[in-house]
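Listed here are the chains, written in short residue letters.
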Amino acid sequence: MRGYLQNTSEDGRIELGPVSVIGRSPECHMVVSDPRISRRHAMIRRQDEGFWFFDLGSFNGSYVNGSRVTAARKLVPGDVVELIDHSFRFEQEGGLDESGRAPLGGSDTIAFVRSMPVIILVSDIQGFTSMSEKLSPDDLAQVIGGWYANVESILSRHGATVDKFIGDSVLAYWTAITPEARTAALRASRELLTVCESIQSTRAELFAQLELTFGVGVALNIGKVACGGFSQREFTLVGDPVNVTFRLESLTRTIGRSVLATSEFLKDWPEGAAWCDHSGMHFVKGREQAIEVWAATCFPD
C-alpha cells in the first residue's frame, strides 16, 4: 500500500512514508515554503490499512475537502488537502477492497506474524469529551494537534514505536524488555506528563476560562503479543496484554495517579520498584482476575 500527495496546481507527486510531516521546516518530509505555514503544520501517518491526517496545532489550520480538521481523519483517494493556498490531492495504491478486507492474490507480501514479549505503553487524554464540548473547533485542533506531534517525537526519541493513534489515545511499544528499555519507558512517561504542563501553560487563559485541565494517563505493561500484520508496511500488536494496558490506563482516574504499571512491568527488575509504589490489586472491565498495580512516584534521570 502506497500513498501520494499530488500538487493540484503544478506537476509533482510526493510519496508518503510511514510518518510524513508537512511544514515550513526543512526537516519536514514535505516542505512548503510559505511563511503562513507552520514549521510543523500537519502529519500523515500510515496505519490500519490506510493513511490518517492530523493537524499539528498549526496557526492557520488544515482542511480536507473544505472542512477544518479538528481530529484525526482517514484519507480517501481523491480527498483534497488544503493548507492555506496550497492544495494537494491524496492518491493511494493498494490497500482494502470495497468489502473492507485486504485483497488476496495481490502484489503485497503478507507480513510474518510472530509472538514475542514487548513493553506496551498506552496514553489517553483525560476529560477529552468535556474538552471537545467546551473548546471551539479551532482551539481543539491546535491543542490536540500539538499533543499528537509531541507524543510522536517523545516516544521515538526514547526508542518506542508508535503503533497507532486512536482518537485521543496512543498505543506504542518497545520490542526489548531489558532494564534499559523499561527505564526509557518511564522516562518517556515523565515527558508525556511534562508536555501536558507545557500545553496547559501555553493556553493558560483559555483553560482557566473554561475551567479545564489538560492531562493524560499513562499505562505500562509487559506481555507476549502477536506482532505483525497482513501488510508488509504495517506492524501491529494483538493480544490480551494490549487490552490489559488499555484497561490499566483507565484506572489512572480511579486511583488518582498519572502513571501506572503492572507487576509484569516490574517483574525481574527490582531496581524499578525504587520509582513505584504498590497500589494493590484492582479489577478491570472484562477480566475476572484482578491485576496487581504499581504507581510511579518518581522517574529515572
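Residue numbers restart at each chain and count upward from 1, following the sequence in its written direction. Local features in this predicted model are restricted to residues whose pLDDT is 70 or higher, and side-chain atom pairs enter the listing and the counts only when it is 80 or higher, whereas totals over whole chains, interfaces and linings include all residues. Excluding hydrogens and water, the side-chain figures rest on all heavy atoms present in the structure.

1. Regarding the pattern of salt bridges
The term salt bridge refers to a pairing of a side-chain nitrogen on Lys or Arg with a carboxyl oxygen on Asp or Glu at a separation within 4 Å. Enumeration according to the criterion identifies 12 salt bridges in this entry. Note that glutamate 91 and arginine 13 form a salt bridge whose closest N and O atoms lie 2.9 Å from each other. With glutamate 91 in strand β11 (residues 86-93) and arginine 13 in strand β2 (residues 13-15), the pair connects residues that are 78 residues apart, well separated along the chain. Take arginine 13: its relative accessible area is 41%, and that puts it in the partly exposed class. Across the salt bridge formed by glutamate 152 and arginine 45, the nearest N and O atoms sit 3.2 Å from each other. Within this pair, whereas glutamate 152 is found in helix α2 (residues 137-157), its partner arginine 45 is found in strand β5 (residues 42-47), the two being separated by 107 residues in sequence. Taken as a pair, glutamate 152 and arginine 45 share a single burial class, namely buried. Secondary structure counts use DSSP, requiring at least four H or I residues in a row for a helix and at least two E residues in a row for a strand, with both numbered from the N terminus. Summary of the burial criterion: residues with accessible area below 20% of their type's maximum are buried, those above 50% are exposed, and those between are partly exposed, where the area comes from a 1.4 Å probe applied to protein chains only.

2. Focus: the nonpolar core
One finds Trp147, Leu155, Phe165, Trp174, Phe214 and Phe265 to be the most contacted residues of the largest nonpolar core, which totals 53 residues. Element by element, the count of residues in this core is highest for helix α3 (residues 179-202), at 10 residues. Every residue in contact with leucine 155, bar those within four places of it in the chain, is listed here: Leu121, Ala160, Val162, Val170, Ala172, Trp174 and Ala188. Residues belong to a common nonpolar core when they are buried Ala, Val, Leu, Ile, Met, Phe, Trp, Tyr or Cys residues joined through side-chain atoms within 4.5 Å. Within the second largest apolar cluster, 18 residues are counted, among which are Met30, Ile37, Phe88 and Phe90. By definition in these notes, contact holds between two residues if any of their heavy atoms fall within 4.5 Å.

3. Quick word on unusual backbone geometry
For residues besides glycine, phi is generally negative; the peptide bonds are generally trans as well. In this structure, isoleucine 84 takes a positive phi of about 55 degrees despite not being glycine. Relative to the elements of secondary structure, isoleucine 84 occurs in the loop between β10 (80-83) and β11. Located in the positive-phi region is glutamate 211, a residue other than glycine, with phi close to 55 degrees. Its place among the elements puts glutamate 211 in the loop between α4 (204-210) and β15 (216-228).

4. A few points about the sheet that holds β10
For two strands to pair, DSSP has to find at least two bridges joining them. Taken in spatial order, the 6 strands of this open sheet run β2-β1-β11-β10-β7-β8, and their pairing is antiparallel. Two strands lie at the open edges of the sheet, namely β2 and β8 (67-68), each paired on one side alone. Bridging between strand β1 (residues 2-7) and β2 involves 3 bridges; their strand directions are antiparallel. By the bridge assignment, tyrosine 4 is partnered in β2 with glutamate 15.

5. Considerations on the state of the cysteines
A pair of cysteine sulfur atoms is labelled a disulfide when the two atoms are within 2.5 Å. Scanning the model with the defined rule gives 0 disulfides in all. Considering cysteine sulfurs only, cysteine 276 is the nearest to cysteine 196, which forms no disulfide, with 19 Å between them. No disulfide involves cysteine 276; its nearest neighbouring cysteine sulfur is the one of cysteine 298, lying 7.7 Å away. Judged by its relative accessible area of 6%, cysteine 276 is buried.

6. Here we look at the sheet that holds strand β3 (residues 19-23)
The strands making up a sheet associate through backbone hydrogen bonding, with each pair oriented either parallel or antiparallel. Pairing in this open sheet of 5 strands is mixed, and the strands run β4-β3-β5-β6-β9 from one edge to the other. For this open sheet the edge positions go to β4 (30-31) and β9 (73-74), each flanked by a neighbour on one side alone. In this sheet, strand β6 (residues 50-55) lies alongside β5 in antiparallel orientation, the contact comprising 6 bridges. Bridged to glutamine 47 within β6 is glycine 50. Axes, fitted as lines to C-alpha atoms, cover a helix only where it is in contact. Angles between the N-to-C directions of the axes lie from 0 to 180 degrees. Contacts from α2 reach β3, β5 and β6, with the element oriented near 120 degrees to β6.

7. Notes on the confidence of the model for the protein chain
One confidence number per residue, pLDDT, is output by the predictor and ranges from 0 to 100. Scored by pLDDT, the protein chain has a mean of 86; 90% of the residues are at 70 or more. Mean pLDDT values for the elements of the protein chain range from 74 in strand β16 (residues 236-238) up to 97 in strand β17 (residues 259-262). Across residues 230-234, where pLDDT falls below 50, the model places 18 contacts with residues more than four positions away in sequence or in other chains.

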